[in-house]
Amino acid sequence: MIRVLGIETSCDETAASVVALEGGAAPKILSNVVLSQIEEHAAFGGVVPEIAARAHVEALDGIVEAALADSGTALADIDAIAATAGPGLVGGLIVGLMTAKAIAAAAGKPLIAINHLEGHALTARLTDGLEFPYLLLLVSGGHTQILAVRGVGDYQRWATTIDDALGEAFDKTAKMLGLPYPGGPNVEKAAQAGDAARFAFPRPMKGSAQPDFSFSGLKTAVRQAATAIEPLSDQDVADICASFQAAVADALADRVSRALARFSQTFPGTKNPALVVAGGVAANRTIKATLERLCAEAGFTFVAPPLKLCTDNAAMIAWAGIERLRQGMAQENGFDFVPRSRWPLDSISAPMVGSGRRGAKA
Ligand code: KG4
Ligand code: ZN
């Protein structure tokens, strides 16, 4: 039996979790404690790095204690501590990684520094026991990427955003329209009463051969449409939200279908090809339905882990720790690991100009 304590502090969630793996059985999440800082940041319309770091300092001890208590595991029975060491807001990363180092040093346990993106990438193996290779669409407030997941530590980034992350585009659209933070759920809610055909917003990158993303042009189009008809009625806001969401779903469908085709070409023998979706934007029903339809058409299984494991959490970090321990890959990390605010999963892919630099976790 392997039991790993995971710690996650890369953005605005303070989280700790214990995950266990025994023999050939399915892994078990023994505890999964997540404290969201949404209320602390709401007044500012986005995550304020200094406030986030301070809130992590104040909360983390208690969250780790709660995760151990909920799991019914004593620290002495934990096999290793896994902590997010990047990418993310460096203040929060320092708090999480230093706390993890202190706990590991005091308890005489190994420390595994985990890439937050690897946590998202491997979650579908924790929840659905998925076999490699598979395709991952990660759409959150800080990331918009398509990755070919070939093995533990073996990822190819096939697409990224050349400007805003998708969640960021939702959040900025909400802010422009006077909807509260976080924007995504509020845009989706407003869109329900809206007419998606009223505004013909652009479908950025549609038709481009590479599956990369761009959302800043769409954001500008939304701003121009809103400014042109100010003051906005509730119906105007609903129509803009519905038209924005339709443009996003359409653009995503085009980008993802290219990636599905590339996957089939690159891994022709894959028995059960699958697309996994992760990140907060995966909560959006229009987007989910679009992806489900695409997968059905292309003969892919669509895997959407439960939302609390799609958004930031520490179970995915503990699980990544277990995957690394099993592969004998934990030694690469350790106590001298320095937090990395930027840490691409795939060091071979050249960075895109301006890519992801604006997101909270870029
Ligand atoms: O994965 P997550 O919880 O944290 C980050 O890693 O960023 O994702 C948060 C992002 C926010 O930008 C939020 O507006 C967006 O996910 N989001 C949504 C929805 N729920 C959350 N976007 C669109 N529709 C939703 N229902
Ligand atoms: Zn994340």
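Analysis parameters
Residues numbered from 1 in each chain as written. Chains lettered and ligands numbered in written order. Predicted model: local features only at pLDDT ≥ 70, side-chain atom pairs only at ≥ 80, totals over all residues. Heavy atoms only, no water. Donors = N, O, S within 2.8 Å, 3.2 Å for Na, K, Ca; no water. Helix = DSSP H or I, 4+ residues; strand = E, 2+ residues; numbered from the N terminus. Buried < 20%, exposed > 50% of the residue type's maximum accessible area, 1.4 Å probe, protein only. Phe/Tyr/Trp six-rings, centres within 6.5 Å; stacked < 30°, edge-to-face > 60°. pLDDT = per-residue confidence, 0-100. Contact = heavy atoms within 4.5 Å. Pairing = 2+ DSSP bridges. Axes fitted to C-alpha atoms, helices over the stretch in contact; angles between N-to-C directions. Expected span 1.5 Å × (residues − 1).

**Some words on the coordination of the zinc ion (ligand 2)**
Point 1. All of the protein donors around the zinc ion (ligand 2) are H116 (NE2), H120 (NE2) and D312 (OD); their distances to the metal are 2.1 to 2.2 Å.
Point 2. Spacing between the donor residues of the zinc ion (ligand 2) along their common chain follows H-x3-H-x191-D. With H116 in helix α4 (residues 116–128) and D312 in the loop between α10 (307–310) and α11 (315–326), the pair connects residues that are 196 residues apart, well separated along the chain. Each member of the pair, H116 together with D312, is buried.

**Looking at the packing of aromatic side chains**
Point 1. In the structure shown here, the tally under the stated rule is nine aromatic pairs.
Point 2. With centroids separated by 4.8 Å and ring planes inclined at 45°, the aromatic side chains of F263 and F267 adopt a geometry described as tilted.
Point 3. Ring centres of F263 and F300 lie 5.7 Å apart, and the angle between their planes is 70°; on these two criteria the pair is classed as edge-to-face. You can see F263 sitting in helix α8 (residues 234–266) and its partner F300 sitting in the loop between α9 (285–298) and β10 (301–303), a full 37 residues away along the chain. Here F263 and F300 have matching classes, each one buried.
Point 4. Counting every residue linked through ring pairs, the aromatic cluster contains W158, F263, F267 and F300.

**With respect to the confidence of the model for the protein chain**
Point 1. Mean pLDDT over the protein chain works out to 93, with 96% of the residues at or above the 70 mark.
Point 2. Across residues 354–362, where pLDDT falls below 50, the model places 35 contacts with residues more than four positions away in sequence or in other chains.

**Details of the sheet that holds β10**
Point 1. Spatially, β8-β7-β6-β9-β10 is the arrangement adopted by the five strands of the open sheet, whose pairing is mixed. Each edge of the sheet is formed by a strand with only one pairing partner; in this case those strands are β8 (154–160) and β10. Put simply, the sheet's adjacent strands are angled 25° from each other on average, direction ignored.
Point 2. Strand direction decides the pairing type here: strand β6 (residues 134–139) and strand β7 (residues 144–151), joined by six bridges, are antiparallel. Counted as the bridge partner of L137 is I146 from β7.
Point 3. Strands in contact with α8 are β6, β7, β8 and β9 (274–278); relative to β6, the strand with the most contacts, it is inclined by about 155°.

**Points about the sheet that holds strand β2 (residues 13–21)**
Point 1. One open sheet holds the five strands; their spatial order is β3-β2-β1-β4-β5, and the pairing between them is mixed. Only two strands of the sheet have a single neighbouring strand rather than two, namely β3 (28–36) and β5 (111–115). Here the average twist between neighbouring strands, direction ignored, is 20°.
Point 2. The pairing of strand β1 (residues 2–8) with strand β4 (residues 80–86) spans four bridges and is classified as parallel. Its bridge partner being in β4, G6 is matched across the sheet by A82.
Point 3. Packing against the sheet, helix α3 (residues 90–107) makes contact with β1, β4 and β5, and its axis sits at approximately 160° to β4.

**Considerations on α3**
Point 1. A rise of 1.5 Å per residue sets the reference length of α3, with its 18 residues, at 26 Å; its end C-alpha atoms lie 25 Å apart and thus fit the reference within 8%.
Point 2. If you follow the buried residues of α3, they end up packed against β1, α2 (49–71), β4 and β5.
Point 3. Trailing α3 by a residue or two, G108 shows a phi angle of about 70°, which is positive.

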